[in-house]
Amino acid sequence: MKKNAIQPLFLLYLWRKVVIMVAFTFNFFIMKIWLDGKLVDQSEATVSVFDHGVLYGDGVFEGIRFYSGKVFRLEEHIVRLFDSMRYLDIHCPWSFEEVCNATKETVAANGMEDGYIRLVVTRGTGDLGLNPRNCPKPSMFIIVQNIALYPAEMYENGLSMITSTFRRPNPDILCPQVKSLNYLNGISAKMEAVAQGAGEALMLNQRGNVAECTGDNIFIVRNGVVMTPPLTEGALGGITRHAVFDICAELGITCIEKVMNRFDVLSADECFLTGTAAEVIAATSLDGRKIGSGVAGPVTGRILARFRTLVRE
């Protein structure tokens, strides 16, 4: 392409960015949402009151990050989405590739550099009965938005945790590997944390072992070794959790799965949480007692620094 042909395209790109920035600044940007096969304005993105996702929490979702306009580990997220749908016997009318493309299309349509994606698949519209066979067609929508799960100062100083009185249910009651729309268990624990002025709640399983937090995986550091509960203890297989395993391997840090309880957390040198929305954040106290030195530790700092570089690569 000739140089004089490139210049107008570049100017058009800059103009588009300026328009988007001004729109966000003055709050008149019209969000585009992907809904059942097409992009629509936010005001048009509606689901039926008879949708089983609304009536019963019957559906699955993924929270996904994008950085500099590029979606982070998109395929891993969509694999987990399809695995959850298979478990719940939700027959998605869109293929794996179509869901990936729809996600990228939604990001591009909203013109944001960094942000958060919420991809939701519901059982679809049915009736007031529980029978899923009365919902002939699933529904899917994709939202793109900014998100700040914790205040910026918590990433500098670490967050406090409490131990929730709510336990993670046994896998035979509610499978932890299914990222379903039913989040009442985690919401109940989060309410406890908020009521006590804490940033997060540690959730134990029925045996009293550490499972995860309300929406994040948990890691501890002891003598330079990074540890996290195995998924069999009731944790979701987090995408950021997987990324931390990769980062530790790259940095030469030993990272293992280990069954643990509150003793292990309180006697740890460091503790940090991971999640798509949370990214990587230090946890510096539990139930009013300091973890380690009470500040974000050096191993956590190395992992966080590499994670922030990784998502931009």
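Given the structure is predicted, the values throughout are model-derived calculations rather than measurements. (Residues numbered from 1 in each chain as written. Predicted model: local features only at pLDDT ≥ 70, side-chain atom pairs only at ≥ 80, totals over all residues. Heavy atoms only, no water.)

Our next topic: the sheet that holds strand β4 (residues 70–71). Taken in spatial order, the six strands line up as β2-β1-β6-β5-β3-β4 in an open sheet, and their pairing is antiparallel. The two strands at the open ends of the sheet, each matched to only one other strand, are β2 (38–41) and β4. Sheet analysis places strand β1 (residues 32–35) next to strand β6 (residues 139–145), joined by two bridges and oriented antiparallel. Following the sheet pairing, Leu35 is matched in β6 by Phe141. Together, β1, β2, β3 (59–67), β4, β5 (115–122) and β6 form the strand contacts of helix α4 (residues 96–110), whose direction differs from that of β6 by roughly 35°. (Pairing = 2+ DSSP bridges. Helix = DSSP H or I, 4+ residues; strand = E, 2+ residues; numbered from the N terminus. Contact = heavy atoms within 4.5 Å. Axes fitted to C-alpha atoms, helices over the stretch in contact; angles between N-to-C directions.)

Formed by 26 residues in total, the largest nonpolar core has its most connected members in Ile78, Met85, Val99, Ile117, Leu119 and Val121. Mapped by element, the contributors of at least two residues to this core are β3, α3 (74–88), α4, β5 and β6. Broken down by element, this core gets its largest block of residues, five residues, from α3. In this structure Met85 touches Val60, Ile90, Cys92 and Val121, once residues within four positions along its chain are discounted. Ranked by size, the runner-up nonpolar core spans 22 residues in total, among them Leu204, Met260, Val265 and Leu266. (Core = buried A, V, L, I, M, F, W, Y, C linked by side-chain atoms within 4.5 Å. Buried < 20%, exposed > 50% of the residue type's maximum accessible area, 1.4 Å probe, protein only.)

Another point: the packing of helix α7 (residues 239–251) against helix α9 (residues 298–310). Contact pair α7 / α9: the axes reach a minimum separation of 10 Å and the direction vectors enclose 110°. In terms of axis orientation, α7 runs roughly perpendicular to α9. Two secondary-structure elements touch here, α7 through Thr240, Val244, Ile247, Cys248, Glu250 and Leu251 and α9 through Arg302, Ile303, Arg306, Phe307 and Leu310. (Parallel < 35°, antiparallel > 145°, perpendicular 65-115°, else oblique.)

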